[in-house]
Amino acid sequence: MKKNTIDPLKPIVALCKRRGFVYPGSEIYGGFANTYSYGPYGVEIKNNIKNLWWNFFVRSRSDMVGIDGPILLHPLTWKASGHIEGFSDALIDCKECKARFRVDKLIEDQTNQDVEGLSLEDLTDIMIKKDISCPKCKSKNFTKARHFNLMFKTEMSKTDAEHSTAYLRPETAQAIFLDYKNVVDTMRVKIPFGIAQIGKAFRNEITPGNFIFRLIEFDQMEIEYFVEQNTWQEHFEKWLDEMKKFCSMIGLDSNKLKEAEHPKEKLSHYSKRTIDITYDFPFGTNELYGLAYRTNFDLCQHQKHSKVSLEYIDNVNNKRFIPHVIEPTFGLDRTILALLCDAYDEEKLENGETRTVMHFSKNIAPVKVAIFPLMKKPDLIKEARNIFDSLKIKYATEYDEAGAIGKRYRRQDELGTPYCITVDYQTLEDQTVTIRERDSMKQERIKIENIKSTLLNYFEES
Ligand code: ATP
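Sequence positions are assigned chain by chain, starting from 1 and proceeding in written order. Where local features are concerned, this predicted model is filtered to residues with pLDDT of at least 70; where side-chain atom pairs are given and counted, the filter is 80 or more; whole-chain, interface and lining totals use all residues. Side-chain measures were taken over the full set of non-hydrogen atoms in the model, leaving aside hydrogen atoms and water.

Turning next to the pairing of strand 21 (residues 419-423). Burial classes follow relative accessibility: with a 1.4 Å probe on protein chains only, a residue under 20% of its type's maximum area counts as buried, one over 50% as exposed, and anything between as partly exposed. Think of it this way: any DSSP run of H or I at least four residues long counts as a helix, any run of E at least two long counts as a strand, and we number them from the N terminus. For strand 21, the buried fraction is high: five of the five residues fall into the buried class. On strand 21, burial covers both faces: Tyr 419, Ile 421 and Val 423 on one face and Cys 420 and Thr 422 on the other are all buried. With five bridges joining them, strand 19 (residues 369-373) and strand 21 adopt parallel strand pairing. Pairing of Ala 370 across the sheet is with Cys 420, part of strand 21. A pair of strands is treated as paired once DSSP finds two or more bridges between them. Strand direction decides the pairing type here: strand 21 and strand 22 (residues 432-437), joined by four bridges, are antiparallel. Residue Ile 421 lies in a different strand from strand 22, and its bridge partner there is Ile 435.

Rendered as structure tokens:
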């Protein structure tokens, strides 16, 4: 199912650059692999998703609180969590062209054999027996497979030699576990409750491209939901439903979303049950979000290594226990990629032309309304600017007077702007404007005094 080719994404990648959604990282230096920068419209989409997520999962619930923890955590965190020991990929180098690959992906791509969980020796053997060749130079001359830890290391200017190496967090989850005790002590939360966080995570991954699908620096939106052990199954099911509600809220195409249960033998070291929500990306069906039952593994490990009690005290029922954890996790960059793929459309028009349009849902669109004077004439400009000023506080609004009106509409179509308002000569006579809807391209005339209420109706419909 997985096809590692960038081609199906090409038009989307090109539009992202052309319209300021996503730029390649460090481009003037020739780029920096697997890093990207969100441009002016990309950052608007990113903030829209973050805000919708935070409102839905934190603000609108009485059993959730949020934090913003550090990227650099005490180095013992990663010993306790198992990341120093086990967070690695098996890699192999081509001795001829020096390219480096993930062994499992290389074997899977050339033989369709699933090799997850096999030892380094077994992987090296399969490489030879199955005659695997280098995708870059076709040579079969490889090093042995070896483990490569995915955490980025950095040096601290400390004298304490044992702790001078720090790691950029490879998941936001651990920052939540380290703050669990502070939240319980200060926030009057009662189990079941959850802690949410949005923030950066870093993984030194070998990636096959696919634009912003797999990055070395990415944003996660994560929840650790603390429950009593015997209730984990009911909470797991509830969270799966909540995750699906979020997918529909941001307008993801439900036909492209599926659930994939991890078989027992493939579960991570901390998990007793994991379901991925996958999305049919143009390059194949891949993980978008994950839902894991992490047991009380992490809190037990942190209690052991920190020697601080992380027991929850239930005074009402006179019980003490280390809570179990349900973890819904959402990749922000993958959300953006899925939304870009869903939204992108090249439409054949009746007049034979093709228009490129982004069908973002209204709550995701980076610009909500664009205002144009039909021509660059002072009277029209003045009226259009007045309308722009009256809307810009409430809506992400753009004013544009440059070029032919048709071109201005096309530009907004490529940005996914739901409504364009045009001030023309009739406006000066009867105080009406045209309002054009992105998807149908239908225009209607409305009174200037009704613009706000009309927009309010339209945006509430979504
Ligand atoms: P994969 O199997 O694709 O490597 P994972 O199972 O390692 O992903 P998790 O550790 O469950 O991923 O991370 C939670 C979420 O973070 C994922 O569902 C995904 O949306 C996002 N994510 C993980 N790794 C990356 C990455 N390298 N770039 C962008 N997003 C990522």
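Turning our attention to the sheet that holds strand 5 (residues 100-102). Strand order in the open sheet made by the three strands is 5-4-6, with antiparallel pairing throughout. Edge strands, defined here as strands with exactly one partner in the open sheet, are strand 5 and strand 6 (146-149). Mean inter-strand twist for the sheet, computed between neighbouring axes without regard to direction, equals 50 degrees. Both strand 4 (residues 88-93) and strand 6 contribute to a ladder of four bridges, which runs antiparallel. Its bridge partner being in strand 6, Asp 89 is matched across the sheet by Phe 148. Packed onto the sheet, helix 5 (residues 103-111) meets strand 4 and strand 5 and runs at close to 75 degrees relative to strand 5. Here an angle of 0 to 180 degrees is reported between the N-to-C directions of two axes, which are lines fitted to C-alpha atoms, with helices fitted over the stretch in contact. In this analysis, two residues are considered to be in contact whenever any of their non-hydrogen atoms come within 4.5 Å of each other.

The next thing to look at is the sheet that holds strand 12 (residues 273-281). What the seven strands build is an open sheet, ordered 3-9-10-16-13-12-11; its pairing is mixed. This sheet does not close on itself; its edge strands, each paired only once, are strand 3 (64-66) and strand 11 (257-261). The average undirected angle you get between the axes of adjacent strands in this sheet is 25 degrees. Summarising the sheet, strand 11 and strand 12 pair through five bridges and their orientation is antiparallel. Residue pairing for strand 12: Glu 261 is matched across the bridge by Ile 275. In the packing of helix 2 (residues 40-59) onto the sheet, contacts are made with strand 3, strand 9 (193-202), strand 10 (217-227) and strand 16 (324-331), and the angle to strand 9 comes to roughly 160 degrees.

What follows is about helix 8 (residues 232-249). When the terminal C-alpha atoms of helix 8 are compared, their 25 Å separation across 18 residues agrees well with the 26 Å that a helix rising 1.5 Å per residue should span. Within the sequence span of helix 8, burial applies to Trp 232, His 235, Phe 236, Trp 239, Leu 240, Glu 242, Met 243, Phe 246 and Cys 247. With its buried residues spanning 165 degrees around the axis, helix 8 presents them on a single face. One or two steps after helix 8, the chain reaches Gly 251, where phi turns positive at roughly 90 degrees. To estimate how far a helix should reach, multiply one less than its number of residues by 1.5 Å. Taken from the helix axis, the directions to the C-beta atoms give the arc we talk about.

So, about the pattern of salt bridges. Salt bridge, as used here: a side-chain nitrogen of Lys or Arg that lies within 4 Å of a carboxyl oxygen of Asp or Glu. Tallying each qualifying case throughout the model produces 35 salt bridges. With its nearest N and O atoms 2.9 Å apart, the salt bridge here joins Glu 414 to Arg 18. In this pair, Glu 414 sits in helix 12 (residues 405-415) while Arg 18 sits in helix 1 (residues 10-18), placing the two residues 396 residues apart along the sequence. Assessed through its relative accessible area of 10%, Glu 414 is described here as buried. Exposure remark for Arg 18: the relative accessible area of 45% places this residue in the partly exposed category. Arg 436 is the partner of Asp 413 in a salt bridge, and the nearest nitrogen-oxygen pair spans 3.1 Å. With Asp 413 in helix 12 and Arg 436 in strand 22, this pair connects stretches of sequence that are 23 residues apart. Here the residues in one salt-bridge network are Glu 347, Glu 353, Arg 355, Arg 410, Asp 413 and Arg 436, joined through shared partners.

With that settled, consider the domain arrangement of the protein chain. Many authors give the size of an interface as the accessible area that is lost as the parts come together. The domains assigned to the protein chain are domain 1 (39-80 + 151-341), domain 2 (88-149) and domain 3 (367-460). When each unit is reduced to the centre of its C-alpha atoms, the spacing between domain 2 and domain 3 is 56 Å. For the purposes of this description, domain bounds are those given by an automatic or database domain assignment.

Let's shift gears to the packing of aromatic side chains. Note on aromatic contacts: the rings of Phe and Tyr and the six-membered ring of Trp form a pair at centre separations within 6.5 Å, being stacked when their planes are under 30 degrees apart, edge-to-face when over 60 apart, and tilted otherwise. Taken as a whole and assessed by the stated rule, the structure comprises 29 aromatic pairs. A ring pair is formed by Phe 21 and Phe 360, whose centres lie 6.0 Å apart and whose planes are at 70 degrees; its orientation type is edge-to-face. Of the two residues, Phe 21 sits in the loop between helix 1 and strand 1 (22-24) while Phe 360 sits in the loop between strand 18 (354-358) and strand 19, which places them 339 residues apart along the sequence. Both residues of the pair, Phe 21 and Phe 360, count as buried.

Here we take up the site of the ligand. Residues in close proximity to the ligand total 14 residues, the closest being Glu 205, Arg 214, Leu 215, Glu 287 and Leu 288. What qualifies as a polar contact is a pair of N or O atoms within 3.5 Å, subject to a donor-acceptor requirement within protein and to the restriction that residues adjacent in sequence count only when both atoms come from side chains. Measuring from a nitrogen atom of the ligand, one finds a backbone N or O atom of Leu 215 at 2.8 Å. In this structure, Arg 334 approaches the ligand through a side-chain N or O atom, which is 3.0 Å from an oxygen atom. In isolation the ligand offers 590 Å² of accessible surface; the protein chains occlude 81% of this area. Of all elements in the fold, only strand 10, strand 13 (284-295) and strand 16 reach the threshold of two or more residues within the shell around the ligand. Top element by residues in the shell around the ligand is strand 13. It accounts for four residues. Its residues assigned to classes, the shell around the ligand comprises five nonpolar, four polar and five charged. Throughout this document, a residue counts as near a molecule or strand when at least one of its heavy atoms sits within 4 Å of that molecule or strand. Exposure was quantified through the Shrake-Rupley algorithm and a 1.4 Å probe, taking into account, for residues, occlusion by the shown protein chains and nothing else. In this classification, Asp, Glu, Lys and Arg are treated as charged, Ala, Val, Leu, Ile, Met, Phe, Trp, Tyr, Cys and Pro as nonpolar, and every other residue, Gly included, as polar.

Another aspect to go through is the nonpolar core. A general feature of soluble globular proteins is that nonpolar side chains tend to end up buried together. Formed by 63 residues in total, the largest nonpolar core has its most connected members in Phe 246 and Tyr 289. Sequence-distant contacts of Phe 246, defined by excluding residues within four places in its chain, comprise Ile 49, Leu 52, Trp 53, Phe 56, Phe 57, Met 221, Tyr 289 and Phe 330. What we call a nonpolar core is a set of buried Ala, Val, Leu, Ile, Met, Phe, Trp, Tyr and Cys residues that are connected through their side-chain atoms within 4.5 Å. Membership of the second largest hydrophobic core comes to 20 residues, among which are Ala 384, Ile 446, Ile 451 and Leu 455.

A word on the packing of helix 7 (residues 173-187) against helix 9 (residues 297-306). Two elements in contact, helix 7 and helix 9, have axes whose closest approach is 10 Å; the angle formed by their N-to-C orientations is 60 degrees. In this structure, helix 7 meets helix 9 at a crossing whose hand is right-handed. Contact residues: helix 7 offers Gln 174, Phe 177, Leu 178 and Tyr 180, while helix 9 offers Asp 298, Leu 299 and His 302. Its residues placed into classes, the contact of helix 7 with helix 9 shows four nonpolar, two polar and one charged. Handedness of each helix crossing follows the sense of rotation of the near helix against the far helix: counterclockwise by less than a right angle gives left-handed, clockwise gives right-handed.

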